[in-house]
Structure formats: C-alpha cells, structure tokens
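Here is what each chain is made of, one letter per residue.
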Amino acid sequence: MCTAEATASLLQVEETFSACLARMDALILKPLLQAEPSDQKGKENFKLFLLLNDRFQALWNLTEENYRILKQKCSTSESLCIQDIYTVWKGDLFLSLYIQYFVTFANYVVVYGFEHATKSKSEAWKHHKTVLKQFLTDFTSETSMSLALYTVLHKPIREHIEQYILLLTKLNEVLKEGSEKDMVTSAIKEYVKLESFISQVLDEAYFTKSLWKSLGYKFTDMLCVPERRLLEDSKNLPISASTNRSDRILLFDDVLVLIQGNSFQSFDLKLVWVDENCREKSAPGLYGLRIITPEETFFLSAKDPQMKAVWQWKLNQAVRQALNGKRDFPLWGKTGEGTEPPSRRFFTYVFRLEGKFKSASYEGEWHWGKPHGKGTLKWRDGRNHVGDFKEGLEHGFGICLVPRQSEDRYDCYKCHWYEGKMRGYGICEYGNDTVYKGYFKDNMRQGFGILENFSAEHPFKYTGQWENDKKNGYGVWEDKDRGERYIGTWLDDHKHGQGIVVTQSGVCYQRTFHTDKMVGSGILLLEDDSVYEGNFTEDLTFVGKGKLSFANGFILEGTFTNKSGQGLQTHGILNTSNEQLDDRITKVQLGLKEFPVEKRWKGIYDQFLEFIHSGCKEEMEESFTGFHIQTSKELRKSQEYLFCQRGTEDVSWKIEDILEELVQHQGLESLQSYLEKALKSSLHPLGKLLKALTIAFQATYSGIGANRHLLTMAQEEVKYYAKKIWEFYQGLLHLALEQKGQLPAKCMDGDISDEKACSVVLPLILPCFYPELFMLYMLYHEREDDLYCQGIVDLSLFPDIKLLEFLDVQKHLWPLKDLTLTTNQRRSLIKDKCFLSATECLQKLITTVDPREKLVILQKTYEEIESTVSRVVEKDYKLPMDDLLPLLMYVVSRAKIQHLGAEIHLIRDLMDPTNQGGLYDFLLTALESCYEHIQRMRLHQRENGHVTHSS
C-alpha cells in the first residue's frame, strides 16, 4: 500500500465513521440531552452526561475537520506524503481526545448513568424509544436498553481505532527504512497503547460499578465519586489487616479503605507509605506489609508471598500515580512495569487524633509518614509554625506565631528547635512589644539572653543569664524610667545577692539585695567624690551607723537620721586631720571580689564551648552561636511575613571551610590576618562570639554605666574576652587537626596562653570595646588630666626658645636653624617650629586604639627627636636620659594631646606583657614622667602664682 492508497483508505474510513457519529448524535445524544431528570441523583449524572457529550462533539469535530482537509488535498494535489496522513502527525491530539472521551465515558458508567438515563419519564424520551431500539439492533443484540446504549457509545469508536491501526500497519509494511517509517511505527505503538488503555479503563469501570452494587447504600453514598476506580479488593485477592481491624480492604486509585462492620477508614494514597521490609507479622505463617500513614501504622498480611507481592506492587503503583496526579498510559503497562513511589513527598494534611498537632493543618515535606523537611503548621486558634521538621517534630530553624488571648496580637518566636521544643538561639517578639534575643531550652529561656522593651510605660532592658524562663545568675538591668542600671546577681526574676547600681546623675553604690530589697550595709559613691559606707534607703538617704568621707579628706563617722521636715542629722565625730584627697577612697573600684570575671557571661561561653564539643556540626552552628539579624525593620517585618532575614556577606563561612582554613593559617602573621577577618565577620563563630561579648560589654559600661568606679571591672573583662576567644580558637584548631588525622600540639600552659591572648587577640578585639573602655579611663583620670591640660595651656604661651630654656634643654641641642624668619619677625617670638616632625608624630597617638601601634608611635617620636638632635650636632647622637626627658617634655607640650593620662594608663594596662622591661616600657615610663612633671608644674604654679615670661 502506497501513501496515495493509504490516504484513499483513510478517507473512506473517516467518511463511514463520521456518518456513524452523526447518527449516534441524532438518535442517542440529542434525545438524551432533552430528557433532563428532576431528581437530585439524576441531575448529578446529567451534568456528567453533558461533559460526555462535549467530549463526543470534540471527537466528531476533529474527524470532520481532518476529513475535509484531506479530501481537499486529494482533489488538488497530484502527490501525497506521510505528513498528509493526519493520524500520524496529529497523533498526540487524536490520543488526547480519545482518552478524554473514554475516561468521561467510564465515569458515567461507574455512577450507573445509562441505567438512570433509560428510566427517564420525559415525553421526548418515550416518543423516541421505538426509533432508538431499531437503531441499536444494528450494533448489538442486547435487549437491555442501558446495556445497548453502553455498547453503542463505545463499540464503534473502539472499532474505528482498530481500523487506524490496521491501515497504518499496512502502510508501514511497504515503507522503506527511514524517518517516515520510524514516524509511522511510533504512531502505531501509541494507538496500540490507546487500545490497551481503553480496555483497562472499561474493565476498571465495570469492576468499580460492581463494587458499588455490592456495598450498602451508606458506604456507596460516602465513597462513590465518578472519578474513583477500584484497583483491588481483598475479597478477590485475600489479604487482612492487623489486629482484626477490618473485614474488607479496598484499594482505589486515590484512597485505601478499611471496612469494619458499619464503619470505614480511608487513607489518602498521597500520604501512604508501603514498607515490605517489616519483620512483624500479624500471625505466624503470614507475609506482611507495613502501611504507614501520618497518624496510624498498621500491617497487611497475606497467606503466601505471591499474594503479598501483588498487593505490594499494586499499592506502590497506585501511590505513585496518585502522587503524579494522573494515571499511567496505559494504566498498568504491558508487563506491570513501574517505579517505586518516592519516600519524600510534599502534601497538605489535617491532623485529627489526639496530640500536639491535633486539628493542625500541615503543608510541607514528608518522609515515611512524618513531617520531615520544610513545612508549615497552622492551628485553628491562629497558631502557626513555619520551619524545619524532622521525624514528625519541629527540628531546626523555625518561626512560630502564637496569638495572645487578651489582645489581637501575636508572640513571634524565631528560634532553633530540637525534637519538638525550642532549644538554642532564638528571637522572640512578644505581642506587648517586648523582644527577647537569646538562648532557649525545652521551650524556656535558658542561658544568655537579652529582654528589652523601650516602648512600654516603664521601658527596660535586661542582659544576662536565664534559667527556667527566669532571670537567674549574673545580669545587667537598665531602668530607663529611673535612669539607673543594676549590675549584679538575680534569683527567679528578682535582684538577689551582690549588686551595683549606677545612676544617670553619677551616683553609684554597691549593696546586698534580697528579692529586690536592699539589706545590710553598703558603699555609696557620690558625684562630688564623697564616699559613704553604711546603711541607706532606696532614695539614698543615710540611716543608722555609717562613715562619710568627704572629697577634701575630712571624715564624718557616727549615726545618721532623717526626720521629716528636719533634714539629715548625725551624731558622731568629724575628723579634719587628713586634708589630702585619698585616691583609695575617691577612686575605689567596685565589683571585683563580688563578680569574679570568669563567672560573668558564662551563658555566652557555655554555648560556644558546647558547639565545639559537639563537633561543630554545620546544621547546629546557628543554634549554638546565633544568627545575625540585619536591621530592626526586618525584624519587625518578619512577624508579619513569617520570615527571618539572616545576614548576607560577600564571604561565606561554612564550618568545613573554617576548619580547613584554621589548619592552613597557623603561622603568626597568617594567623593574625585570618583572625582579623574572622572576628570582623558576623557569620564566623569567633565573630559571633565577639559580637555577643560586645553587646554584653556595652550593656554594662556604655551610657549610664560609664562610671569611673567600674574601670577595673571593665578592663579585666576585656582581657578575659581575649583569653576566652583564644581558647575557642585553640578548640576549633584542635578539632580541625583531629578531623584531618593529625595530632594536635600539646596544650599551652596558662601563662603562655594568656600571653598569646594579649599579644594576638587583644589588639584585634580592642576596637569593639574601645569607646566605652576609653571613656572609663578618661573619667578615672579626669582630675589628673585637668591639671595636665592646664599645664599644657601655660606652656603653650612660651615661644620655642623660651620653652627650651624653661625646660632646661641644653643649648647645643636647640634646632635654631628650624626657626625661619619672615619680615619684621624676631626669632625669640617664633612658636611651634622646633622638633615639628616629632610633635606631629606624637599627635598620631590618638589615631589608633591598638596599644602596640601607640607604642610604635612613641618609638618613632623618640627616633624623630634623636634624628633632629643628630642633625643639629651634625653627628649620630644617642640621647642620654638627662637630655631625653626635657626634649620629650617639649614635644609633649607642643603635641597638646588631650586625655594623655588616660592614653598612658590604657597602654600600660593593655600592652603586650612581653614588652615589659624593654624599649617600649622605657619610653612609656619617660612619657609618664613628662605627664606627671607637667601636673606638678601646674600645682606649683597654683601655690606660687603663674610663671612669668618675657619676650
């Protein structure tokens, strides 16, 4: 058969088929469309019949349209090709319309559509019945009207598909090997599949229809829907459920149904997992399958392995097709091929049994019957949880919204969860505008955390330790209303134990507290440098026995009373013998014994230590070390959108990369560079640790906490931070080396470790604490710096020559050549020209926070002085101490550095211990001598009148 013959045959076949479809439309469909029923069941079936008619019309229109096109081509074209045989190149369209028609036809069969239609009582239907019977006898010998309709509406169409296959097969036999033959071969395969599909669809429809007939009305009403198909029945292929929970098991294409007496349970196949590897059996000698669903697990038992295998295969294929949202084509394949359904799925389910998820809707990822992966839980009362799940429980990062009962607001928890409970770092935005940032354990605040509310009637902020959801241990409370800060210990949300209170006015006191009440005696430091030791009330009124030390050195010791209207009264002794200010009193340091530095902020260190001990697992990193929130605006927005914005940086810090880099950067210079980068990152564990410590430090010593009586506390705290960061670095390195199979170096002893912390880590972290720390140094040395500044002002009045002379600098060292004169200018009046390079160098002291760099600047200043002197004497000149001090004092007086005392003592306290006794130590001592000498000069001038000078 050539292409032309095939085309002619196709035209003849289509012409006959089109005429048949026309008769079916006129004698069956149109009359049935006019017979619209009045009962509810009939109306539902009639809607389905309307859809069947639409499918029929689409099929008929396609046949007619292609018949006309092909007929026109045959009459106008001399030669035809394969592309003109539309059943080949339009195969997909044909298949689609035939599939739609037979699926809808099968749906109509399942709900007894033809039986209901033939029972129509409409006049139009009664009048047409006789003519219809005559038409039906041409196709079938069936006497049942419904069965005859069923046969007529599918048999001619199926026969037509067979004619397509026969025609294409004959054409294929004469075609030569090539693309055209391949195209026809492929089309034949698809039409054969269609034939198989139609047969399977009609078989399933009949099987399902028989089931509805055998079941009672109750089950049929609840289970019967047109699209549902019965795939297997335990009455046909025996299998039983465990613990006698069912009389009958029905597998449909969308649900698994267990019938027990007058009730049934149905399980959506999209959330059914079939486990063949279950060791448990319902009874000896039976072969079991474990069926897992979101809330129930049960066993199906067969008497032989073949029966088990058939059920297992049918269950798996039904689940897979349900997940795909469509049936296979053909439905079960030729030889029963098919893949296993995935164990991981995405679906929505409403929990109904008792438990923490009761009535909650879960939308998200599942694994073997349990929420596992990303998902969203929503309860009817308004609760929401969005985040990670593991084996049916919240596990990993999640955001939970909990409505407040008395207000139309929510508590929003952004936290890490562990086996269903909050554990690790989190942020909670309570509906009353209070925010908690810190650690949780078993749904309670535990460890280090910050609780604040600045929009409340009484704004506050707490930074410190928590235990069992309450403030316990060391913490800092800031009361914005009262303008004061409490630094001390807590017990069950109450100030309890030793505590320091710093007020906005500068008053500072240390007392023992018992459930928020002050008990016993304490020390009260007043803003005028007076110090009171004894008992006093909450409004700072002296009561009982006490000692008041005045700033001028006088001491009043006795009993104090404060009667209404009479003011403060005392009975005691006033000692006026000591007229000198005692620094031990005015600069007394608080909190050192009461709050040992190693016991402050233990909650921060513990989390990082636990992270290292856990092996630094990537998935646990945020839980232990926290996550970075970019801005408060995003934090507020996250409550509305259930979204928590993590910080984004150019540098990605993955734990495995971090550990790898640690091993590669063990040399001193390389290590310093690496640590500098790590400590600046908000994503690196060491950077997060530094950030947390910075927050704790600022909460204690910034603002109200800037009080000179806390300097030593702050200074030793910063040093301890460096020590702990070095320890954590060592812990990370130890772990990295272990994972690479290398033996870590022996642990350093305490002294060497402290030296490393001071020399390597302290300079890197100091910038984070410098503003608050330097402010404390300035306040502590305020009186000395005032004297020094007044001395500098006096010395600045001298011209260069007079100042060199006044400071007893030897004349042969004076750089007179630097005193360049202009017109009408006298050399004796020129200022700020001598030792200019050394002066400018020393002025750079305030441009850096690093004690190392400050010492280098001091050394360069010394070198500049020596260089200038060598130039003057025209030879290399090493300055002896007697020459250095006057010259350095000259440079200091011209540099006019404010707060030089604070600078000197900060360098002295925080310098690398290895520099003690060396050149740096010598130069710092020389600078200190200059500073003290300028102060003594000022005191001397106060006693003897101002120094006079002449031009």
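Look above for the structure.
Residues numbered from 1 in each chain as written. Predicted model: local features only at pLDDT ≥ 70, side-chain atom pairs only at ≥ 80, totals over all residues. Heavy atoms only, no water.

Novice: What's the story with the overall build of the protein chain in this structure? I'm lost.
Specialist: The helix and strand inventory of the protein chain stands at 27 helices and 27 strands. Looking at the protein chain residue by residue over its 951 residues, the buried ones come to 50%. Of the roughly 46500 Å² that the protein chain leaves accessible, carbon and sulfur atoms contribute 50%. (Helix = DSSP H or I, 4+ residues; strand = E, 2+ residues; numbered from the N terminus. Buried < 20%, exposed > 50% of the residue type's maximum accessible area, 1.4 Å probe, protein only. Areas by Shrake-Rupley, 256 points an atom, 1.4 Å probe, with all protein chains shown as cover.)

Novice: How should I be thinking about the sheet that holds strand S8 (residues 297-302) in this particular structure?
Specialist: Whether parallel or antiparallel, the strands of a sheet pair through hydrogen bonds between backbone atoms. Spatial strand order, S2-S8-S7-S6: four strands in an open sheet with antiparallel pairing. Here the strands that pair on one side only, and so sit at the sheet edges, are strand S2 (240-241) and strand S6 (273-275). Taken together, the six bridges between strand S7 (residues 287-292) and S8 define a ladder with antiparallel strand orientation. The residue bridging Ile292 from the neighbouring strand is Thr297, located in S8. Helix-sheet contacts for helix H11 (residues 305-324) involve S6, S7 and S8, and the interaxial angle to S7 is about 20 degrees. (Pairing = 2+ DSSP bridges. Contact = heavy atoms within 4.5 Å. Axes fitted to C-alpha atoms, helices over the stretch in contact; angles between N-to-C directions.)

Novice: Honestly, a nonpolar patch on the surface in this entry has me stumped. Any pointers?
Specialist: Taken together, the side chains of Met881, Leu919 and Phe922 make up a nonpolar region of the molecular surface, amounting to roughly 240 Å² of accessible area. With relative accessibility at 34%, the residue Met881 sits in the partly exposed group. (Patch = residues over 30% accessible without salt bridge, like charges linked within 9 Å, V, L, I, M, F, W, Y side chains within 5 Å. Salt bridge = Lys/Arg side-chain N within 4 Å of Asp/Glu carboxyl O.)

Novice: Mind showing me how you'd approach the pairing of strand S21 (residues 494-503) here?
Specialist: The side chains of a regular strand alternate between the sheet's two faces. Taken together, the seven bridges between strand S20 (residues 484-491) and S21 define a ladder with antiparallel strand orientation. Within the sheet, the bridge partner assigned to Leu491 lies in S21 and is His494. The turn linking S20 back onto S21 is made up of two residues, and Asp492 within it adopts a positive phi angle of 50 degrees. Summarising the sheet, S21 and strand S22 (residues 508-514) pair through six bridges and their orientation is antiparallel. Of the residues in S22, the one forming a bridge with Gly497 is Phe513.

Novice: I tried to follow the nonpolar core on my own but got confused; where do I start?
Specialist: What tends to happen in soluble globular proteins is that the nonpolar side chains get buried as a cluster. One finds Ile500, Trp601, Ile604, Ile725, Ile765 and Leu773 to be the most contacted residues of the largest nonpolar core, which totals 80 residues. Looking at which element gives the most residues to this core, the answer is helix H19 (residues 711-739), with 16 residues. With residues near it in sequence (within four places) discarded, Trp601 still touches Phe448, Thr463, Gly464, Tyr474, Val476, Ala696, Thr700, Glu717 and Tyr721. (Core = buried A, V, L, I, M, F, W, Y, C linked by side-chain atoms within 4.5 Å.)

Novice: Can you walk me through helix H13 (residues 602-613) in this structure?
Specialist: Turn by turn, an α-helix covers 3.6 residues, leaving residues three or four places apart pointing in a common direction. The terminal C-alpha atoms of H13 lie 16 Å apart, and with twelve residues this matches the ideal 16 Å at 1.5 Å per residue to within 8%. Gly603, Ile604, Tyr605, Gln607, Phe608, Phe611 and Ile612 are the residues of H13 that are buried. Count one or two residues on from H13 and you reach Gly615, which has phi positive near 95 degrees. (Expected span 1.5 Å × (residues − 1).)

Novice: Is there a simple way to think about the side chain of Thr694 in this case?
Specialist: For Thr694, the position within the fold is in helix H18 (residues 685-701). On the basis of relative accessibility, which here comes to 11%, the residue Thr694 falls in the buried class.

Novice: I keep staring at the environment of Leu679 and nothing clicks. Help me out?
Specialist: Mapped onto the secondary structure, Leu679 falls in helix H17 (residues 668-680). Under the relative-accessibility criterion, Leu679 is labelled buried at 8%. Sequence separation between Leu679 and Ile765 is 86 residues, and the spatial gap between their C-alpha atoms is 7.6 Å. For Leu679, the contacting residues outside a window of four places in its chain are Leu686, Gly687, Leu690, Ile725, Leu764 and Ile765.

Read these as layout, nothing more, since geometry by itself doesn't imply function.
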